[in-house]
Amino acid sequence: MTHALADDPRGLARSHPSHGPLLEVRDLSVEYLLEQAVINAVDHVSLDVGAGEFLAIVGESGCGKSTLLFAIARLLYPPAAITGGSVTFQGRNLVGLTETDLSAVRWKDMSVVMQSAMNALNPVLSVAAQFRDAMRAHGVTSKQEIDKRSAEVLRMVGIDPVHLKSYPHQLSGGMRQRAMIAMAMLFTPELIIMDEPTSALDVVAQRSLMAQIKELQRTLGFAVIFVTHDMSLVSHFSDRLMVMYAGQVSEVGRTRQVFDAPKHPYTVGLMDAFPSIRGPRVPLMGIPGSPPDLARPPEGCRFAPRCPKVMPRCETSLPPLYQVEGVGVRCFLYDDGGAR
Amino acid sequence: MAMPISVSSGQPAGLPEPSALPGPGGARGRAARGRLTTAIRRNRKATAGVILLALFTLVALFPGLVPHYDPTEIFFGAKCPSCYSTPALVQSAPSAAHWLGTDLEGHDVFSQVVVGTRAVLVLAVVTGLLTTLIAMVVGVAAAYLGGFWDGVLNVVTDMLLVIPLFPLLIVIVKYLGQSGNLVLILVLTVTGWSYTARQLRSQAQSLRNRDFLLAAKVRGERSFYIIMVEMIPTMTSLLLACFLGNALYAVLAGSGLQFLGLGDPNMVSWGTTLYWADSQGALQSGLYLWEIVPGLCIALLGAAFALLNYAFDEISNPALRPLRAKKARRQAALAAPIGGRLASDDARAS
Amino acid sequence: MTELSTQPGPGPQAQDDSEPLLRVERLSRHFKIGNALSRATLHAVDDANFSVYERQIVAVAGESGSGKSTVARVLAKIYKPTSGEVYFQGKPLSAIKSRRDRLRYSGQVPMVFQDPFSSINPVFRVSHGVMRALKLHRPELTKEQREAEAVRVFDVVGLNPGAEVLQRYPHELSGGQRQRVGFAQALAMRPKLILADEPVSMLDVSIRIGLLNVMAKLRDTEGVSILYITHDLASARYVTDRLIIMYAGHIVETGPVEGVLSTPRHPYTELLLAAAPDPRAPLNVSSEADVGEPPRVIDPTPGCRFRWRCPLAIDECHRITPPLRELLPGHGVACHVAQAGAETGAFR
């Protein structure tokens with residue numbers, strides 16, 4: 001992997017969270033206030049991200065992971081609204097800040113990479129023009145500095161700076177995504193939030209992009225929150241893994257632990273739903289049923305209707321997040337601190 | 001190579017999702033109509049439009065419901081000793097006998113307006129329907145068939161688009177001689193369908209690549225079937241909008257032509273009433289109601305169609321709904337939770 | 001059960017038990033692109049040869065631009081071949097001209113589409129498609145028989161109770177259920193071969209298995225063959241018998257699915273395998289070095305189309321397009337290096 005070793009202006013620690021979490025989300029709730037119903041998209045979610053850490057948020061469609069991400073980045077618009085909780089980034093609560101205050105944080109300390117570069121990049125501006133816009137918006141005016149930094153970030157992601165003159169449609173899919181990531185790194189933020197940045201790519205490009213992101217993270221020391229529906233994609237790259245279901249956290253812990261010994265029946269079901277390429281060929285079941293309607297969320301555990309290990313109390317009361325061997329599990333099976 | 005998968009056992013049941021509406025077809029249909037009624041009630045534009053249109057339709061269908069005279073009946077005024085014959089009653093102000101007064105020839109204005117409603121509404125609805133239908137067939141076929149047929153139909157459409165409307169109308173009407181409602185409908189339809197055809201063609205083109213149309217083709221359906229049964233029903237909201245737009249166009253253009261004297265002056269319609277009022281100098285004679293009221297009715301009917309158009313747009317696309325002030329404040333309040341400052345930008349209308 | 005054909009030379013080595021259901025011979029499909037000033041030809045598929053037998057699921061796997069979807073569309077008669085021929089039950093597709101023959105073919109080789117949200121007409125109930133399919137392709141049935149058959153196919157694909165689900169509208173069903181409707185529609189026509197164009201790519205992972213199980217069931221209990229287009233090798237392995245790997249319009253490797261995945265011969269297959277995420281396996285770093293992407297093949301020159309990304313490319317790869325040759329029984333590879341290695345007996 002050849003790219004210029006980028007400077008590390010903040011001298012950040014490399015993947016060892018040192019002093020307090022970079023991002024602390026506590027009891028965050030987001031609702032969609034529609035005329036006919038109120039959709040409880042994110043329900044009292046808490047998470048921590050330390051400096052330089054790679055956190056993967058995994059879940060299927062409708063689980064609230066993208067909504068959570070946008071809530072953290074404060075990019076939600078009506079009818080979506082944060083209805084509770086806090087998002088503390090570098091010691092400041094982002095919820096309740098005005099747009100002016102937020103714009104000081106945006107892109108300098110926290111940036112976002114969207115799902116589809118074709119949707120996020122302006123199709124009528126060249127790559128250089130978009131980088132320039134971003135830099136000017138944050139007070140960098142010297143043309144020299146802009147050009148220098150633009151070329152630098154492109155090199156970091158493995159794109160020849162000659163492509164600065166190109167328009168998005170002239171780049172291949174993989175290159176566009178890399179350009180998005182380069183743009184997110186213009187100010188070397190502490191935290192980069194990524195919403196399924198690889199889903200539009202082919203499998204080989206996906207793999208190399210993931211590796212690139214990991215390498216950049218190692219070198220520059222930023223933290224990453226990576227949202228995806230494909231668990232296997234992040235299995236080798238993330239430090240910690242959070243599984244979401246129906247707007248709630250169902251399991252969270254160190255990646256290898258969650259993969260090798262999944263505790264929540266949903267995680268178990270999800271892992272089982274991946275047919276293996278190399279292992280033995282066995283019939284698989286998947287998880288029957290569908291996620292609940294979040295306009296009328298069920299009382300009790302939201303996974304109970306589909307859970308193979310459901311117990312009577314699961315249907316009436318919501319299990320709290322138990323801590324079992326360093327992994328958080330929202331399941332009554334772990335009520336006494338151990339698996340049954 | 002045998003697959004070590006037993007598929008009869010362990011097959012996950014396709015559990016049906018809890019769906020929005022319970023019950024078999026009848027209940028679902030009723031529920032859908034109920035939702036529509038609620039939607040109309042809630043949307044102010046829709047309510048206003050429906051009320052206006054209903055009012056005019058009622059009068060057009062059953063003019064007898066409203067007390068009126070024969071519009072051609074001449075009322076005579078006071079007999080004066082030195083007059084040879086009784087002069088016509090010319091009344092500018094409303095009175096008990098003549099709610100909107102009379103015109104220069106002694107005709108009751110209110111009756112003219114009431115009886116004229118039917119002609120205008122027929123003009124609007126029929127023209128709207130015909131225009132939309134022709135545009136639908138031409139536009140959707142052009143989009144679906146593509147290639148050569150698209151080219152041919154486009155040439156025809158564009159030709160009609162380019163020709164200036166009024167001169168053409170004037171020429172046709174003069175050529176045909178008489179110009180009652182039928183002629184007006186014909187003329188407006190012939191010159192009016194091309195714009196809508198363009199619109200519908202664009203919409204149809206964007207739909208054309210949807211998989212369900214390709215699926216129908218691969219299933220073996222004929223093109224005609226695909227266009228009529230698979231494609232057009234998915235365009236109903238646009239078709240409704242086109243109909244309303246064309247009806248509005250017919251009201252304004254048709255009345256405009258009549259006002260210019262190109263209609264049949266002996267017909268009773270708002271436009272012709274306006275024509276007589278203007279050509280006989282109503283305003284100079286102080287007969288304001290004669291001049292103003294027919295024009296007002298034209299405007300109101302036009303507004304009814306326009307309101308309904310906006311309203312259905314809003315009903316079908318929630319993003320267009322106006323965020324009224326109270327609701328916006330409530331949403332903004334919820335956006336800033338316990339202890340946080342109110343972010344002014346959160347009260348943005350979607 | 002294998003059959004491979006080679007480039008000009010000895011004819012196809014057919015199996016002597018049965019005639020294949022579908023035989024694709026030297027199929028090419030090109031598209032003209034550009035405008036009047038700069039015309040060019042996009043080679044979506046070039047010289048494809050493969051067969052599908054009864055009661056068999058064959059996967060065509062590849063990344064974007066590989067030509068796999070184009071192959072399916074040619075088989076569905078959405079496109080006509082630029083050259084080459086397709087034989088269905090021994091008869092060439094080009095001979096299907098009358099409406100009756102076209103209808104008959106479309107009933108025997110239906111297609112299931114990728115996007116569950118746009119492949120069903122939203123204004124009708126989901127019974128609409130099935131009933132139309134039955135009306136068109138099984139005219140001998142009475143109305144009651146059609147309704148009964150619609151219920152039956154819905155039950156087969158796991159939409160229970162069939163009679164109730166038939167009355168729903170598409171927006172009331174989940175993505176997975178809608179894809180099952182797609183399979184039910186195809187099944188209603190009593191097909192011999194279903195063309196499934198990435199039927200699970202847009203579904204959540206936990207739902208995919210259900211659909212894959214439906215496909216296996218269709219093969220086992222309904223006797224239907226399936227051509228499964230996909231980019232996901234793991235799902236191909238789970239449900240198919242034979243695997244065809246395509247790259248930039250060419251078939252580069254084909255063989256029994258276990259054989260191809262356990263001992264891949266073509267460097268591209270190896271790359272795909274290495275890149276495919278498998279949480280249970282340790283991380284394979286070799287694929288990370290590959291930053292390239294599949295090319296759009298416009299006016300290509302002869303030579304292997306993988307040569308720019310291939311770590312093993314030799315001089316011959318740049319000059320001569322490698323033909324598909326059988327290296328092991330039923331296992332063919334289009335690669336000069338692999339073929340040379342097999343000839344000298346050296347195994348990579």
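Residues numbered from 1 in each chain as written. Chains lettered and ligands numbered in written order. Predicted model: local features only at pLDDT ≥ 70, side-chain atom pairs only at ≥ 80, totals over all residues.

Caption draft 1: Structural context of the overall build of chain A. Broken down by element type, chain A carries ten helices and twelve strands. Relative to a compact globule of 340 residues, whose C-alpha radius of gyration would be 20 Å, chain A shows 21 Å and is just as compact. Taken along the three principal axes of its C-alpha coordinates, chain A extends 65 × 50 × 40 Å. Scored against the burial criterion, the 340 residues of chain A give a buried share of 51%. (Helix = DSSP H or I, 4+ residues; strand = E, 2+ residues; numbered from the N terminus. Rg over C-alpha atoms; globule rule 2.2 N^0.38 Å. Buried ≥ 20, exposed ≤ 12 C-beta atoms within 10 Å, placed from the backbone.)

Caption draft 2: Quick look at the overall build of chain C. Counting secondary structure elements, chain C contains twelve helices and twelve strands. The proportion of buried residues among the 348 residues of chain C is 53%. A fraction of 63% describes how many contacts in chain C between residues 6 or more apart in sequence connect residues 24 or more apart. (Contact = placed C-beta atoms within 7 Å.)

Caption draft 3: Highlighting the sheet that holds strand β6 (residues 111-112) of chain C. Residues and elements named next belong to chain C. Reading across the sheet, the eight strands line up as β6-β7-β8-β3-β9-β10-β12-β11 and stay open at both edges, with mixed pairing between neighbours. Only two strands of the sheet have a single partner each, and these edge strands are β6 and β11 (325-328). Where β11 lies against strand β12 (residues 331-333), three bridges are found, and the strand directions are antiparallel. Looking across to β12, one finds that Arg325 is bridged to Val333. Against the sheet, helix α7 (residues 205-222) engages β3 (57-61), β7 (193-197) and β8 (225-230), with an angle of about 155° to β8. (Pairing = 2+ DSSP bridges. Axes fitted to C-alpha atoms, helices over the stretch in contact; angles between N-to-C directions.)

Caption draft 4: Quick look at the interface of chain A and chain C. Every contact between the two is made by 35 residues of chain A and, on the other side, 34 residues of chain C. Only α7 (203-220), α8 (231-234) and α10 (265-272) of chain A provide two or more residues apiece to the side of chain A that touches chain C. The leading source of residues in the side of chain A that touches chain C is α7(A), at six residues.

Caption draft 5: Local environment of the domain arrangement of chain C. Residue and element names in this part refer to chain C. We note that the domain assignment places domain 1 (22-110 + 193-301) and domain 2 (118-190) within chain C. Each of domain 1 and domain 2 was reduced to a C-alpha centroid, and the two centroids are 26 Å apart. The interface of domain 1 with domain 2 comprises 13 residues on the first partner and 14 residues on the second. Top element by residues in the side of domain 1 that touches domain 2 is α7. It accounts for six residues. Its residues assigned to classes, the side of domain 1 that touches domain 2 shows ten nonpolar, two polar and one charged. (Domains from an automatic or database assignment. Nonpolar A, V, L, I, M, F, W, Y, C, P; charged D, E, K, R; others polar.)

Caption draft 6: Expanded view of the pairing of strand β9 (residues 242-247) of chain C. Residue and element names in this part refer to chain C. Judged by how many residues are buried, β9 sits mostly within the fold: six of six residues are covered. Of the two faces of β9, the one carrying Arg242, Ile244 and Met246 and the one carrying Leu243, Ile245 and Tyr247 are both buried. In terms of strand pairing, β3 meets β9 through four bridges, oriented parallel. From the neighbouring strand, Val58 faces β9, where its bridge partner is Arg242. With six bridges connecting them, β9 and strand β10 (residues 250-256) associate as antiparallel partners. Pairing of Leu243 across the sheet is with Gly255, part of β10. Connecting β9 to the next strand, β10, in antiparallel fashion are two residues, including Ala248 with a positive phi near 50°.

Caption draft 7: Up close: the confidence of the model for chain A. Within chain A, residue pLDDT values average 85, and 93% of them lie at 70 or more. Segment residues 1-18 of chain A is flagged for pLDDT under 50; beyond a separation of four residues in sequence, or across chains, it makes 35 contacts in the model. (pLDDT = per-residue confidence, 0-100.)

Caption draft 8: Just the sheet that holds strand β11 (residues 322-324) of chain A, in detail. Residue and element names in this part refer to chain A. Ordered in space as β6-β7-β8-β3-β9-β10-β12-β11, the eight strands form an open sheet in which the pairing is mixed. In the strand order of this sheet, the two ends are held by β6 (110-113) and β11, each with one partner. For this sheet the average axis-to-axis angle between neighbouring strands, irrespective of direction, equals 20°. Where strand β3 (residues 54-58) lies against strand β8 (residues 223-228), five bridges are found, and the strand directions are parallel. Looking at β8, one finds that Ile57 is bridged to Val227. Against the sheet, helix α6 (residues 173-184) touches β6 and β7 (191-195), its axis set at about 170° to β6.

Caption draft 9: Region of interest: the packing of helix α3 (residues 109-145) of chain B against helix α4 (residues 147-162) of chain B. All names here are of chain B. The contact between α3 and α4 brings their axes to 7 Å, and the two run at 150°. The hand of the α3/α4 crossing is left-handed. Listed contacts from α4 to Val138, Ala141, Ala142 and Leu145 of α3 are Gly147, Trp149, Asp150, Leu153, Asn154 and Thr157. Across the contact of α3 with α4, the residue classes tally to six nonpolar, three polar and one charged. (Left-handed = near helix turned anticlockwise from the far one by under 90°.)

Caption draft 10: Layout of the packing of helix α9 (residues 236-259) of chain B against helix α11 (residues 288-316) of chain B. Residue and element names in this part refer to chain B. α11 packs onto α9 with a crossing angle of 165° between their chain directions and a minimal axis gap of 9 Å. When the interaxial angle is binned, α9 and α11 end up roughly antiparallel. You can see that α9 and α11 cross each other, and the crossing is left-handed. Listed contacts from α11 to Ser237, Leu240, Ala241, Leu244, Gly245, Ala247, Leu248, Val251, Leu252 and Ser255 of α9 are Ile298, Leu301, Gly302, Phe305, Ala306, Leu308, Asn309, Phe312, Asp313 and Ser316. When its residues are assigned to classes, the contact of α9 with α11 shows 13 nonpolar, six polar and one charged. (Parallel < 35°, antiparallel > 145°, perpendicular 65-115°, else oblique.)

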